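# What the coordinates show
Chain residues, written in single-letter form:
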Amino acid sequence: MLRNYIIISWRNLLKNKSYSSINILGLALGIGGACLVFLLVLFETGFDKQHPDADRIYRVVLENNYYGKTYSQAIPYPVPESLRGDFDQFEAISIVDTNEDNTVITVQQGNQIERFKEEKGIAFVDPEFFEIFHYKWLSGDPKQALIEQRSVVISETLALKYFGDADPVGKMLNFHNRYDLKVTGVVEDHPKQTDIPFNMLISMNLGKEQKRGWDGWDASSGRVHCYLKLKPGIEVASINAQLEEYFGQHHHEEYAQSIIMFLQPLKDLHFDNRFDNFNNRTVSERTLWAMGLVGLSLLLTSCINFININTVLATNRSKEIGVRKVMGSARVQLILQFMTETLIITLISIVGAITLAKLGLVKMESLLGYSFGLELFDAMTLVGFLFILIVVVCLLAGLYPAFLISGFNPLEAIKKTGITLKSPGGFSLRSSLVVTQLVISQILVICTLVVASQLKYFIEAPLGLDREAVVEFPLPVKGKDKVEQITNQLQQSTAIRSISFSNTGAISNGGWGGSFEYDNGREVVDESTAVKYVDQNFIDTYGVQLAAGENLINSDSATMFLVNEAFVKSMGLNDNDQAIGEYVKFWGVEAPVVGVLKDFNTSSLHNPIKACIFLTGPNSFFMGAVKLNPTNIEQALAEIQEVWTTVYPNHIFEYQFLDETIERFYREEQKLSKLVKLFVSLAIVIGAMGLFGLVSFVARRRTKEVGVRKVLGASAASVVLLLSRHFVLLTLVAFLIAAPVSYYVMQSWLSNFSFQIDLGVWVFIAGFAASVLIVTLTIGYQTVRSALANPVDSLRYE
Amino acid sequence: MIQLTNLDKYYSTKFTRTFVLKGIDLEIKSGEFVTIMGPSGAGKSTLLNIIGMLDEASAGEYLFMDEPVYKIKERKRSELHKHHIGFVFQAYHLIDELTVYENIETPLLYKGIKGKERKSMVADMLDRFNIVAKKDLFPEQLSGGQQQLVGVARAIVGQPKLLLADEPTGNLHTEQGHIIMDIFKKLNQQGMTIIQVTHSEENAQYGKRIVQLVDGMVKSDDLVAAEAG
Ligand SMILES: Nc1ncnc2c1ncn2[C@@H]1O[C@H](COP(=O)(O)OP(=O)(O)O)[C@@H](O)[C@H]1O
Ligand SMILES: [Mg+2]
């Protein structure tokens, strides 16, 4: 029996080649897209699963309420040691210090000296590190490995690179021409899916003269983290309660309330974008849900195609169905037969889908800028997913047509050449399905347009500063003398228009903050403000406008303040001029406001413009900025690098153009947008294919009607209208559903940002127009063809 | 085997009720060979379809093997189709995508007859109707007469008790028609109950009894005079 089913399915597939290919290609695209989304989600949710007791691993992080509310994973160097002494609830605790990239490793084999450059993957850790994180040991003892001073554990790949086939344990390597390290262990390379991605783990114990970091609690580094593992049965909440004021207690009383220390679970490391991780990449769970929905839409769209085309094809099968019933086929058997057919098509589609997904994966990885490194069939999960997908697709796509077809009255089925499926009056199921598809594609198109225009706005919105031809470079060592050295040497250059130094540059995410006091006559204002240490060239270099008063004058310590307009407002004043000459108390300094800067964005457009105070302080400069002569950029960069390198001979020059820095703030959104565009085009293609199939069928069925109408004198235009009216109407109905849904979704997405585009009518009009265009193009070919056909030809068939 | 009592069939529209069959009383015993004749539109096909349980009567009683048909559920009905009733259609209605062999085999698949036995039953049929050479052809590659041979083979391969044929020779030449009628006669002699609809007096002579239907009513019901030969 099964053989009979398969044979007839196969012959029918071949008989209706064009419909079959629409079915198969549509399903393949849908399943392929769903697979890609699944892989993406699988990849992103699979981080750091290799550690046993992962639920007991935490990172120590800080919430800073000192100025607004900011979060940071940056901890001062002494924190891990201090916590280790104060808590016995930790099974293990370790610093992870990654402040050492781009190093040179020297290995001596006999007389031969080899140098290797390591760009990343280096961490200085405590011996307990290996009690927290799981590594597979190829040689060495995890318990002992990093206890010895100046010991190092390296990955398999590094071991091979440095020492070839020889056993590396006991061998020495030199770290950046500073000290020799003894290899005490080799571990398997870390998996791709980890936010603890290290190849070289060096003992924090380097000896007195090479001690890393600093003793104070007043400075921290974003790349120094602290990880720990709780003893079994310890409640995180109880630890968090004890940690709440820990920072203040050890640092400064005044921080006790404002800096809150707490534990972040390891499983959040990859998703919580309040904090950074060692991959510099988090992905919000919301994004993953959104992608999941997109994947589901793809699947749904392709299943709807299948249903539409199959119910249409069923009318050609009615004789067979009738005959089978007359021969005694039970309804279940007919359902089974058609489900078998669906299964066959699904299986063929899956093969296509896997091929497409493999191609798509390459594209997706290049969009995302990181590689998944999972071979498609590596994961049993994926096989499981495909299996579930087969079942779901078969049920979703096959069950309804099968039920419908098997329910035909045998007499009618045999008698007529076709069965009309149109439900009398009302909206037929097929129309609802087409509307569903159109709704999906319209929502996707509208959302894509909104995301894209918000992104465009992000990148192009006026920020109140001039981002063109400005280069920023970090100062690895602070100090007034270095700043002066650089300034003096660069000033003469004709390629450079102006040069300025500051703590964080004009615009940055995460800045410094404090609170100021001001007596505006009615009350004493005590408000928080952002802080920027700048010099007098700041205004020129960044193209910021002075709204009132005068510029700062360089000095070693603050004797005057510049503020922005938002600051004036928070002083309780209405007019910029009123602020000039007023005395403000900030960080112990009482000084007059000499100038007011027009508001400019001091951080990304995700955030509002906050009050900001500007003061001089050459000892707090960490960032240099140069406004270049646009005709001479190459020369200027070379000059800056030369000067920089003479001032910091032991460091490596890095720079970034300001406009690129600004673009980078929106990296997540950009990736999202690219990815969504990819899938949206897929959804549209699938939907259009189904529509094409449907319309060609309708057109064929109505060939005679069209012929008669033309004989009666109907114009080609009126025939096109006749055939397309219905679908245009469906597009309109779909729009009435899609518009409010996408309005709601996008409004809530936009509300994440302080600076957002208005959800203008045009997006919706554009979405609708796109949909109409797609529908018209899709059905256009068929309708125009029937409209132009010679009526005699079509009537002759009857 | 079949007992129709005061059977009506009508179609209702909003205002009128059109009778297709009216007050049919008919008893057909096992082993009979009945020919239904009558002008076009008389209700012959409707009657045959009701007897074959492809259609339902509007009123009256129908007993099939002493069981009231209106009580029979859909599942039981397909069981009856599978095991007791074979159909032959004027337009053959072979399944286009299946070969001659597969067309004949299909009812056996529904009967759940297993491999070897099924093969020999199909082979029997091919033999009997002299179409062994055609077994791998598709219906569209056959002449009308050959198609109807396959149609009959398919109808009787499952050894039904009742064979219903609605103008089985309507699309055939006289010569081809006789071949089919000969087969029917033989089947009847072997014990199969046959009810056929035909316009041809000549073909009616192959049967044992002729029922004349006019305007949905039985006009006459006579035994065929003598054995034709
Ligand atoms: N579904 C239907 N609705 C209304 N009238 C029908 C329907 N089916 C058949 N009829 C009518 O019933 C009558 C008998 O049809 P039929 O049994 O096919 O006649 P015959 O086979 O004797 O030529 C015809 O007049 C036909 O028009
Ligand atoms: Mg008839």
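Because the structure is predicted, anything quoted here is derived from the model rather than measured. (Residues numbered from 1 in each chain as written. Chains lettered and ligands numbered in written order. Predicted model: local features only at pLDDT ≥ 70, side-chain atom pairs only at ≥ 80, totals over all residues. Heavy atoms only, no water.)

When helices and strands are tallied, chain A shows 24 helices and 24 strands. Each of the three principal axes of chain A carries a C-alpha extent, and together these read 100 × 70 × 55 Å. Per-residue burial for chain A yields a buried fraction of 54% across its 798 residues. Long-range contacts, defined here as pairs at least 24 residues apart, represent 80% of the contacts in chain A between residues at least 6 apart. Accessible area of chain A: about 35400 Å², with a carbon and sulfur share of 56%. Separation of charge centres in chain A, based on 68 positive and 79 negative side chains, amounts to 18 Å. (Helix = DSSP H or I, 4+ residues; strand = E, 2+ residues; numbered from the N terminus. Buried < 20%, exposed > 50% of the residue type's maximum accessible area, 1.4 Å probe, protein only. Contact = heavy atoms within 4.5 Å. Areas by Shrake-Rupley, 256 points an atom, 1.4 Å probe, with all protein chains shown as cover. Lys, Arg positive; Asp, Glu negative; His and termini not counted. Charge placed at Lys NZ, Arg CZ, Asp CG, Glu CD.)

This brings us to the sheet that holds strand β10 (residues 217–223) of chain B. Residue and element names in this part refer to chain B. Taken together, six strands build an open sheet; the order of strands is β6-β7-β8-β3-β9-β10 and the sheet is mixed. One side of each edge strand has no neighbouring strand; the edge strands of this open sheet are β6 (85–88) and β10. Strand-to-strand, the axes of this sheet are offset by a mean angle of 15 degrees, without reference to chain direction. Looking at chain direction, strand β3 (residues 33–37) and strand β9 (residues 209–214) are connected through four bridges and run parallel. (Pairing = 2+ DSSP bridges. Axes fitted to C-alpha atoms, helices over the stretch in contact; angles between N-to-C directions.)

Buried residues of helix α2 (residues 74–83) of chain B: Ser78, Leu80, His81 and Lys82 of chain B, and no others. If you follow the buried residues of α2 of chain B, they end up packed against α9 (318–326) of chain A together with β4 (59–64), β6 and α3 (100–111) of chain B.

Let us now look at the site of ligand 1. Residues and elements named next belong to chain B. For ligand 1, the full set of nearby residues is Tyr11, Val20, Ser40, Gly41, Ala42, Gly43, Lys44, Ser45 and Thr46. Ser45 places a side-chain nitrogen or oxygen 2.6 Å from an oxygen atom of ligand 1. The protein chains hide 55% of the 560 Å² of surface that ligand 1 would expose on its own. Looking at the shell around ligand 1, the element that brings in the most residues is helix α1 (residues 44–51), giving three residues. Taken together, the residues that form the shell around ligand 1 break down as three nonpolar, five polar and one charged. (Near = heavy atom within 4 Å. Polar contact = N/O pair within 3.5 Å; in protein donor to acceptor, adjacent residues only side chain to side chain. Nonpolar A, V, L, I, M, F, W, Y, C, P; charged D, E, K, R; others polar.)

It is worth spelling out the domain arrangement of chain A at this point. All names here are of chain A. As assigned here, chain A comprises domain 1 (1–46 + 292–421), domain 2 (54–268), domain 3 (432–461 + 665–798) and domain 4 (477–650). Taking only C-alpha atoms, the centre of domain 1 and the centre of domain 3 are 23 Å apart. Overall, the association of domain 1 and domain 3 removes approximately 2500 Å² of surface from exposure, summing both partners, and the carbon and sulfur fraction of that is 79%. If you sort the residues of domain 1 by the area they bury against domain 3, Tyr19, Thr301 and Leu367 come out on top, with a joint share of 22%. (Domains from an automatic or database assignment. Buried area = accessible area lost by both parts, 1.4 Å probe.)

A separate point is the packing of aromatic side chains. All names here are of chain A. One pass over the full model with this rule turns up 39 aromatic pairs over all chains. Each ring, one from Phe501 and one from Phe621, has its centre 6.4 Å from the other, and the planes form 20 degrees; the classification is stacked. Here Phe621 lies in the loop between β22 (612–615) and β23 (623–628) and Phe501 lies in strand β15 (residues 496–502), a separation of 120 residues in the sequence. Both residues of the pair, Phe501 and Phe621, belong to the buried class. Judged by centre distance (6.4 Å) and plane angle (40 degrees), the ring pair of Tyr533 and Trp587 falls under tilted. (Phe/Tyr/Trp six-rings, centres within 6.5 Å; stacked < 30°, edge-to-face > 60°.)

Across the contact, 27 residues belong to chain A and 25 residues belong to chain B. Taken over both partners, the interface formed by chain A and chain B buries close to 2300 Å², and the fraction arising from carbon and sulfur atoms is 60%. When the area that chain A buries against chain B is broken down by residue, the three leading residues are Arg11, Val326 and Met327 of chain A, summing to 27%. One salt bridge in this structure joins Lys15 of chain A and Glu97 of chain B, with 2.4 Å as the shortest N-O distance. One can count six residue pairs in polar contact (both at pLDDT 80 or more) joining chain A with chain B. Elements with a minimum of two residues in the side of chain A that touches chain B: α1 (2–15), α9, α10 (331–368) and α12 (410–415) of chain A. The residue inventory of the side of chain A that touches chain B, partitioned by class, reads 12 nonpolar, seven polar and eight charged. (Salt bridge = Lys/Arg side-chain N within 4 Å of Asp/Glu carboxyl O.)

A few words now on the pairing of strand β12 (residues 224–230) of chain A. All names here are of chain A. With seven of seven residues buried, β12 is to be regarded as a mostly interior element. Side chains of β12 alternate between two faces, with Val224, Cys226, Leu228 and Leu230 and His225, Tyr227 and Lys229 buried alike. Taken together, the seven bridges between strand β3 (residues 90–97) and β12 define a ladder with antiparallel strand orientation. If you follow Ile95 over to β12, its bridge partner there is Cys226.

To continue, consider the environment of Gly514 of chain A. Within the secondary structure, Gly514 of chain A sits in strand β16 (residues 512–519). Along the backbone, Gly514 of chain A and Val450 of chain A are 64 residues apart, and their C-alpha atoms lie at a distance of 36 Å.

What follows covers a nonpolar patch on the surface. Residues and elements named next belong to chain A. Together, Leu300, Phe387, Ile388, Val391, Val392, Leu395, Leu396, Leu399 and Phe403 make up a nonpolar patch on the protein surface, roughly 760 Å² of accessible area in all. Position of Leu396 relative to the elements: it lies in helix α11 (residues 380–406). Assessed through its relative accessible area of 38%, Leu396 is described here as partly exposed. (Patch = residues over 30% accessible without salt bridge, like charges linked within 9 Å, V, L, I, M, F, W, Y side chains within 5 Å.)

Residues and elements named next belong to chain B. The strand order across the open sheet built from four strands is β2-β1-β4-β5, with neighbouring strands paired in antiparallel fashion. Two strands bound the open sheet, and with one partner strand each, they are β2 (17–28) and β5 (67–68). In the sheet, strand β1 (residues 2–12) pairs with β4 via five bridges, with the strands oriented antiparallel. Among the inter-strand pairings, Ile2 is bridged to a residue of β4, identified as Phe64.

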